[in-house]
Amino acid sequence: MTPRRLTLLLLALALVSIGCASSPATSAVPSDAGWGQPSTKPVLLPVLVSSAIATGPSRLLFLYLDSGNKVASAPDRTLKASFYDLDKDPTKPVVAADGKFMWTIEGERGMYAVNVALPAAGRWGAELTTEAPGSPAETTRLSFDVRESTSTVAVGQKAPASKTPTLADVGGDVAKISTDQHPDPDFYRTSVADAIAAHKPFVLIFATPKFCASAQCGPTLEHLKAIKAAHPEITFINVEPYQLKDVDGQLQPVMSADNAFQPTDVTNEWGLTSEPWIFAVDRDGTVRGSYEILMSDAELDAILPVLTAGA
C-alpha cells in the first residue's frame, strides 16, 4: 500500500500545483547517458502525470508547470512529443505524437493526453516541444520507465465481474456507499457484475470526492454526470476506491497500520494504482477504453460507438 499512497501523493502535488513532482520512475531533467543536462533552465517544466506505463498502446498524460509551480498547460499552448528508447538508441526517436489538451477542471487547470505505442520495456525518453501565442517554442526532455505490463486491467481484456455496492445493498441510502455530496443515484443502481450479466455497455468510475488524493475525483465525477444525462443508453457506475466505514453517520476511511488508505477488493480486482480512473466496457464485457484522471469529450465521442455496437 505504501507505493500506491506515494504515487497518489506525487500526483496530487503535480495537479494542485503546490510542488514540482513526478512519479518515482520519472526524471524531469534526465541524467541518462546521451541526454545530459539542458544548457539553460527551462521556463516551463513538463511533468509526466501517468502513474504506470506498459508496452503497447499507451495514453500518457503531461502537464506544464511554470517557475512558480503553477499549471501552465492551456488550450492555446501546443505539445509535440517524440519518444526515444534510451536503452537501444538515445539519439533516434521511435515514435512521435501531438498532445491533445483537455480541461481537468474547466477554465482552471488542464493537461495533455498523448496516445502512442511504445514497443519495448525499459528506460524511455520524451522530448517535448511546446509553444503558445506570444511565447517562443521551448523543448525539454524527461525520462521514464516502461514495464512489460502493469496491474491495471488493460484495454482488450475482459472486465472483472465485480460485485460493486448498489443502492439495493444499503436500503436505498446512497450516503452509505458514496462520499459525493450531490450524488446521482443512477450511478449506484447497477453493479458491474449485473451490467456484464445483462450485456449492458457501461462506464465505470473509481472516484472518491471526499478522500481523493489528487483533488480531481469530484470534478471528474461532475463531468461524467453531465455526460450520463445525455447518454441514457450507457450505464454509469461509480465506486469508492478505498475501504470506508460509517462513523456517526459519515463515511470515513479504514486506515492501515501505517496510516494509509486501503484499497477495496474491487479496486484490487481492477489493479488500480491511482485515482480517479475510468473504464469503458462494451456489451460483451470487454474493456474498450481506459482513462486515468479524466475522459475528454473527444475521447467520449470516439468510444461511444464502440460501446454500443451491435445494439
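Look up a bit, the structure's there.
Figured I'd write up the structure that's included with this text.

Some remarks on the nonpolar core
Of all hydrophobic cores here, the largest spans 24 residues; its most connected members are Tyr 188, Val 203, Ile 205, Phe 236 and Ile 278. Sorting the residues of this core by element identifies strand E10 (202–206), helix H3 (217–230), strand E14 (277–281) and helix H5 (297–307) as the ones contributing at least two each. If we skip the residues at most four places from it in the chain, Tyr 188 touches Pro 165, Thr 166, Leu 167, Val 174, Ile 177, Ser 178, Asp 180, Pro 183, Leu 221 and Asn 238. Core analysis: the second largest hydrophobic core is formed by 21 residues, Ile 53, Phe 62, Ala 81 and Phe 83 among them.

Here we look at the packing of aromatic side chains
Scanning the entire structure with this criterion turns up 11 aromatic pairs. By way of ring pairs, the aromatic residues Tyr 64, Phe 101, Trp 103 and Tyr 112 are connected into one cluster. Across the ring face of Tyr 84, the terminal group of Arg 141 is positioned such that the distance to the ring centre comes to 5.6 Å.

Re the sheet that holds strand E7 (residues 109–118)
On the basis of which strands lie adjacent, the open sheet formed by four strands has the order E2-E3-E7-E6 and antiparallel pairing. Each of the sheet's edge strands pairs with one partner strand only, and the pair in question is strand E2 (45–48) and strand E6 (100–105). On average, adjacent strands in this sheet sit at an angle of 40° to one another, irrespective of strand direction. Where strand E3 (residues 56–65) meets E7, seven bridges bridge the pair, whose relative direction is antiparallel. What sits directly across from Pro 57, in E7, is Ala 117.

Things to note about the pairing of strand E8 (residues 122–132)
Regular strands place side chains that alternate from one sheet face to the opposite one. With eight of 11 residues buried, E8 lies mostly within the body of the structure. Following E8, the chain reverses through two residues before pairing antiparallel with strand E9 (residues 135–146); Gly 134 in that reversal takes a positive phi of roughly 80°.

Rules behind the numbers
- Residues numbered from 1 in each chain as written.
- Predicted model: local features only at pLDDT ≥ 70, side-chain atom pairs only at ≥ 80, totals over all residues.
- Heavy atoms only, no water.
- Core = buried A, V, L, I, M, F, W, Y, C linked by side-chain atoms within 4.5 Å.
- Buried < 20%, exposed > 50% of the residue type's maximum accessible area, 1.4 Å probe, protein only.
- Helix = DSSP H or I, 4+ residues; strand = E, 2+ residues; numbered from the N terminus.
- Contact = heavy atoms within 4.5 Å.
- Phe/Tyr/Trp six-rings, centres within 6.5 Å; stacked < 30°, edge-to-face > 60°.
- Lys NZ or Arg CZ within 6 Å of the ring centre and 35° of its normal.
- Pairing = 2+ DSSP bridges.
- Axes fitted to C-alpha atoms, helices over the stretch in contact; angles between N-to-C directions.

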